[in-house]
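# Chains, contacts and geometry: an overview
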Amino acid sequence: MAVRWSEFEAREPDLAATSRRLLYPIGPTGPGLGFLATTRADGGPRVHPVCPALFAGGLYVFVMPQSPKRSDLERDGRYALHAYPAEKDDESFYCIGRAAAVTEPALRERAVPAFTHHVKPEEVLFELRLHRVLHTLWLNPRQPGTRPVYHRWQP
């Protein structure tokens, strides 16, 4: 079962706040930064840099119509999103789920200001529903034998 960001946030507010911070590494007014993994038609993985945005209770990405990631998401909605690595690379956010194209023109139009890049009229908006979330924190990453702390969530 995949849920909207708002449901994840309601159930796990601390983990959602940490996840939001990691998705927006430059700060709340900067761009969301991450890598989106999709599945090619032959079943192989494909990874794309993206600028995700949190808006109106959802997690979204815009993609160009000719982009391989668009055809991947339309054919097989499964995705994995990993936030851009932290400066010290000792903390990370990752989620998996299913993506769905937003077909409501009014919602697409309201979403545009939530993105810091110039959204082109032909770009397609996808909502990323969450099936699983993982936050990883290395408390002493440079000490031999140190193990990470994991915070996992799924509905």
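Reading guide: rules and limits
Residues numbered from 1 in each chain as written. Predicted model: local features only at pLDDT ≥ 70, side-chain atom pairs only at ≥ 80, totals over all residues. Heavy atoms only, no water. Salt bridge = Lys/Arg side-chain N within 4 Å of Asp/Glu carboxyl O. Helix = DSSP H or I, 4+ residues; strand = E, 2+ residues; numbered from the N terminus. Buried < 20%, exposed > 50% of the residue type's maximum accessible area, 1.4 Å probe, protein only. Lys, Arg positive; Asp, Glu negative; His and termini not counted. Phe/Tyr/Trp six-rings, centres within 6.5 Å; stacked < 30°, edge-to-face > 60°.

With that settled, the discussion passes to the pattern of salt bridges. Applying the stated rule across the entire model yields 11 salt bridges. Between E9 and R20 there is a salt bridge, and its shortest N-O distance comes to 3.4 Å. Pair noted here: E9 is in helix 1 (residues 5-11) and R20 is in helix 2 (residues 13-23), with a separation of 11 residues, a long-range link. Of the residues examined, E9 reaches a relative accessible area of 31% and is grouped as partly exposed. R20 gets classed as partly exposed once you look at its relative accessible area, which sits at 34%. Here R40 ties to D42 by a salt bridge, and the two come within 2.9 Å at their closest N and O atoms. Classification of R40 as partly exposed rests on a relative accessible area of 30%. Look at D42 and you get exposed, because its relative accessible area is 59%. Beyond isolated ion pairs, a larger network of salt bridges with shared partners links R4, E127 and R129.

Before going further, it helps to spend a moment on the side chain of E123. Checked against the element boundaries, E123 lands in the loop between helix 4 (105-111) and strand 7 (124-137). The buried charged residue E123 lacks any salt bridge, with K120 as its nearest oppositely charged partner at 5.1 Å.

Moving on to unusual backbone geometry. The phi dihedral of A56 falls on the positive side, at around 50°, and the residue is not glycine. Relative to the helices and strands, A56 resides in the loop between strand 3 (53-55) and strand 4 (58-63). For A56, a relative accessible area of 48% corresponds to the partly exposed category.

Our focus in this paragraph is the packing of aromatic side chains. Throughout the structure, instances matching the rule amount to 6 aromatic pairs. On the numbers, 5.0 Å between centres and 80° between planes, the contact of W5 with F8 is edge-to-face. Taken as a pair, W5 and F8 lie in helix 1 at a separation of 3 residues, close to a single helical turn. Like W5, the residue F8 is buried in the burial classification. Between F62 and F115, the ring centres sit 4.8 Å apart and the planes meet at 70°, which makes this aromatic pair edge-to-face. One end of the pair, F62, is in strand 4; the other, F115, is in the loop between helix 4 and strand 7, with 53 residues separating them in the sequence. Both residues of the pair, F62 and F115, belong to the buried class. Feature note: the residues W5, F8, F93 and W153 constitute an aromatic cluster, connected by ring pairs.

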